[in-house]
Each structure stands twice: as structure tokens, then as C-alpha cells.
Amino acid sequence: MNPRKPSILIVDDSEDNLLLLSQILAKEGYNINSDLNGYSAIETALKHPPDLILLDIMMPDINGYEVCDRLKADSRTQDIPIIFISALNELFDLVKAFSMGAVDYLTKPIRIPELLSRVNTHLSLYKLQTEFKQKNAELTQLVEHLQRTQTQLIESEKMAALGRLVAALSHEISTPVGIGITLASTLKNEAHNFEEQVDQGQLKKSIVVNHIHRVKRSSHILLDNLQRAADLIQSLKQVSADQSHFKKQEFYLKPYLEKIIISLSPHLEKSGHKLTLTGEETLKINSYPGAFAQIVTNLVINSIQHGYQPGETGHLHFDIYSQDDRLMIIYVDDGCGIPVEYQDKIFEPFFTTARSSGGSGLGLHILYNLVTQKLQGQILCDGQVSRGTKFILNLPIELEE
Ligand SMILES: Nc1ncnc2c1ncn2[C@@H]1O[C@H](COP(=O)(O)OP(=O)(O)OP(=O)(O)O)[C@@H](O)[C@H]1O
Ligand SMILES: [Mg+2]
């Protein structure tokens, strides 16, 4: 396919000039349109924008400057290169032409090689500029499209996460509530039977003793299950990371963590574990101390609950340091570790290996939400360690608003 020939509009009130220029340029292979009058030239240019305009200045009716002005004011023609052609050769005219947005200025009599080289140059520049604009527009469109897609993905991922949470939640809560319903109806029957026996005057001591025993046992289990459902609902509140009770402030991290560790000492002393902390004393951050307290507590309690056999003692350790504008927290214990196949599940809601001993599996999920949402950071469980468990937290030192 032949590339489209560049089109040139020539505007000059002298018929001879017009003919001469048209012939020269047509011979070079350009598509030529010519006009003796400025007004009709404007109309032509707006209807079929050319790639270049050669414009005479001195014309009756409307002069070249005025024509240029009107073409520059219309979005269809504002970028088309305009070369003025004139017998005027004063500095004033040159300055005026360029200040109006012309790309070049040729003086009569026209020298053909000069005309051709200038026309050629400006057509090439215009082509490059048009291509650049188009590429730029395509890129902008692509970026916008990507941004929209990303927002949609985030939204649908949020919805999917919410869906998973609700599904898991209804599963978790339906067990204790189901047991509760069964027990409540057992109690109702028990009361009914007891009432009948009272009515029939058959009440023996053994019946009363048995009845009391069954009521006590059932209510005990009922209470346990209701308590479990209530606990689940309570801990769910923390799943949403925007817990408004957290206050943002500037604080020294190490002394703050030391205080939290002291508050954990009853748990540690009971189990005989040692908890240590190393790091920059002067590391000051602007963040939510409350969230840090919750994170540290969750990590330590998890080690105590899952890392060691009864009677076994361990060493738990926090190290904090800054790296550019980031804060790194490394937490390790030397317990049994988390099996590799569980490592990408532990942050999911309700994943627990301790359901029978009352674990809800929300601890690390809450921690994950706190780190990634409230604190704008990342957390990962390092699976490379030979022994024990290692968590790496990467957080901003200064939280964005
Ligand atoms: N330090 C650790 N050592 C060994 N296993 C761990 C450790 N921390 C977490 N885990 C594993 O990750 C699972 C998920 O932990 P998570 O804190 O989310 O739930 P949980 O402790 O079982 O229950 P909850 O915290 O809701 O009471 C645990 O059940 C356990 O299997
Ligand atoms: Mg836990």
C-alpha cells in the first residue's frame, strides 16, 4: 500500500504565484489545494485539514495574519504547520508571524530549493508530532484502562474475600448454635416430662436427682457453646482493621515494645519461655501504637500456644531496625514451626490447627489486616528457617494520611 501523499493548502491572492507554487509542489508528489481568497481557504482547511499551509500575508478581504489567527483558534486546524510567504521582509513581520504560531517564514521571490527543503522539514516534523500525540493518547488510554481494571480487581477480590469470610463464619457459628438449639429443646422436653411426673404424683427422690443432674449437664454444655458463639462474634469485630480506638502518634518503638513485653510476662513465666528484644533505641515512628501492641501480643501468644510441648521452654525474639523509610520487624521462635503446606493458609480467616482447644483461627487474619490495611505494610511467614517460626514485617516509618 502506498503511503498517503501529504496534502498542502496554498493561499495567495496572486494567480501567477499560486500556479507556480502549485506546479512546483505537485511535481514533488504532494496533494495540492489552492485558494485565492482567505475566507474560502479557512472553510476548506476546516473541512479537509491539510498537513501544511503556505499562506500569503498581504491579501485583500482578509490578510494572512487574520487567517492564521482563525485557524489556530479551531481544534481541527490548530496544530497544522503554517508557513508565511510574503514580500514583506521587515523584522516586525517576522516576529509577528512567529508569535502567531507560524512555523516558518519565506520571502518573495521564492527560491525553489529553499521552499522544498522547508516544506519537507515541516511536513516530517508534523508527521512525527502527530504520531507522537497518537501514541501518547493510546498510552494514556491504556493506563486508564489498567487503572480501571485494577480497581475492579481489587473490588472483586474484596467481595470474594468477604464471601469467603461470611461462608467460613456461618460454618463456624452454626456448630455451637446448632448444639445450643438441640440442648435447649432437650431441656424443654426434660421440663415437660418432669412436669408430667409431678402432675401424676410419681415424684421419687431418684427421679428428682436424675432430673437435676441432666439439667445441670445440659445447661453447662449450652453455656459453653453460647459462649463460643459469642467469642467468635467478638473476635470478628477485630477482623475489620479500621478499629477506630487506635490513635496515631509519634513514639519510640523499642521502649514501647518493652512495655508490652512486660505486660505479657505472666504468660511467659507460666510457660518458662524467654522473650527478648533487640534494636535501635532511638527509632521513632509515626503510627498506631495500639496496632503494634495487638500484633506483638498475637505473635507471642501464638508461639506459646502452638510452638511448644507442655514442659518445653523456648526462646522468642524480636529484632527491629530501620531501612531507608521502612521499619523492619523480625520475629522468631525456636518452636515446632509451621509446616510448609500451611504457610500460605495461616492468614486466612478460621484457619487453625487448634480448633479442639478453642482456637478460632482469626488471630493471624486480624494481624494480617492490621499490617496491610491499618499500617500500610507487608507481613510474611519465612518458610526458609531450619527450626521454629519466623515472621518478617515491613512497615512505613511515617504513615501516610
Ligand atoms: N509460632 C507458631 N508456631 C507454630 N504454629 C503457629 C505459630 N503461629 C501460628 N501457628 C499456626 O497458625 C495457625 C493459625 O494461627 P491463628 O493465630 O490465626 O489462629 P489460632 O491461634 O489457631 O486461633 P486464635 O488466634 O484465633 O485463637 C495456628 O492454628 C497454628 O497452627
Ligand atoms: Mg492465634
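Residue numbers here run from 1 along each chain, matching the order of that chain's written sequence. To label them, take the chains in the order written and letter them from A, then take the ligands in the order written and number them from 1. Local features in this predicted model are restricted to residues of pLDDT 70 or higher, and side-chain atom pairs are both shown and tallied only at a pLDDT of 80 or more, whereas totals for entire chains, interfaces and linings draw on every residue. Hydrogens and waters are ignored; side-chain quantities use all the structure's heavy atoms.

### Let's talk about the site of ligand 1
The rule for a residue being near a molecule or strand is that one of its heavy atoms must lie within 4 Å of it. Neighbouring residues of ligand 1: 18 residues in total, closest H306, T352, T353, S360 and L364. Here a polar contact is taken to be a pair of N or O atoms separated by no more than 3.5 Å, where protein atoms must pair a possible hydrogen donor with a possible acceptor and residues adjacent in sequence count only if both atoms sit in side chains. Separating a nitrogen atom of ligand 1 from a side-chain N or O atom of S303 is a distance of 3.4 Å. Between a nitrogen atom of ligand 1 and a side-chain N or O atom of D333, the distance comes to 2.9 Å. Relative to its free-state accessible area of 600 Å², ligand 1 is covered by the protein chains to the extent of 91%. Secondary structure elements follow DSSP: runs of H or I no shorter than four residues count as helices, runs of E no shorter than two count as strands, and numbering proceeds from the N terminus. For the shell around ligand 1, the element with the highest residue contribution is helix α9 (residues 289-307), accounting for 4 residues. Across the shell around ligand 1, the residue classes tally to 5 nonpolar, 12 polar and 1 charged. Using the Shrake-Rupley algorithm and a 1.4 Å probe, accessible areas are obtained, with residue cover drawn only from the displayed protein chains. Residue polarity follows a fixed list, in which Ala, Val, Leu, Ile, Met, Phe, Trp, Tyr, Cys and Pro are nonpolar, Asp, Glu, Lys and Arg are charged, and the others, Gly among them, are polar.

### What about the sheet that holds strand β3 (residues 52-56)?
Sheets are built from strands paired through backbone hydrogen bonds, the pairs being either parallel or antiparallel. Strand order in the open sheet made by the 5 strands is β2-β1-β3-β4-β5, with parallel pairing throughout. At either end of the open sheet lies a strand with only one pairing partner, and these are β2 (31-35) and β5 (104-107). Strand-to-strand twist across the sheet, computed as the mean angle between neighbouring axes with direction ignored, equals 20°. The contact definition used throughout considers only heavy atoms, calling two residues in contact when any of these lie within 4.5 Å. Note on geometry: axes are lines fitted to C-alpha atoms, helical ones only across the stretch in contact, with angles between N-to-C directions running from 0 to 180 degrees. Sheet strands touched by helix α4 (residues 91-99): β4 (82-86) and β5. Its angle to β5, the strand with the most contacts, is close to 145°. By the convention used here, strands pair only if DSSP detects at least 2 bridges between them.

### Description of the packing of aromatic side chains
Here a pair means two rings of Phe, Tyr or Trp (six-membered ring of Trp) with centres within 6.5 Å. Their orientation is stacked below 30 degrees between planes, edge-to-face above 60, and tilted elsewhere. For the structure shown, the criterion picks out 7 aromatic pairs. With a centroid separation of 4.4 Å and an interplanar angle of 35°, the aromatic rings of F318 and Y331 are classed as tilted. Within this pair, whereas F318 is found in strand β9 (residues 315-323), its partner Y331 is found in strand β10 (residues 326-333), the two being separated by 13 residues in sequence. Judged on exposure class, the residue F318 and its partner Y331 are both buried. Note on F347 and Y368: the rings are 5.2 Å apart at their centroids and 40° apart in plane angle, and the pair reads as tilted. One end of the pair, F347, is in the loop between β10 and α10 (363-374); the other, Y368, is in helix α10, and 21 residues separate them in sequence. Three or more aromatic residues joined by ring pairs form one cluster here, namely F251, Y256 and F292. When a residue's accessible area, from a 1.4 Å probe over protein chains only, is under 20% of the maximum for its type it is buried; when over 50% it is exposed; and in between it is partly exposed.

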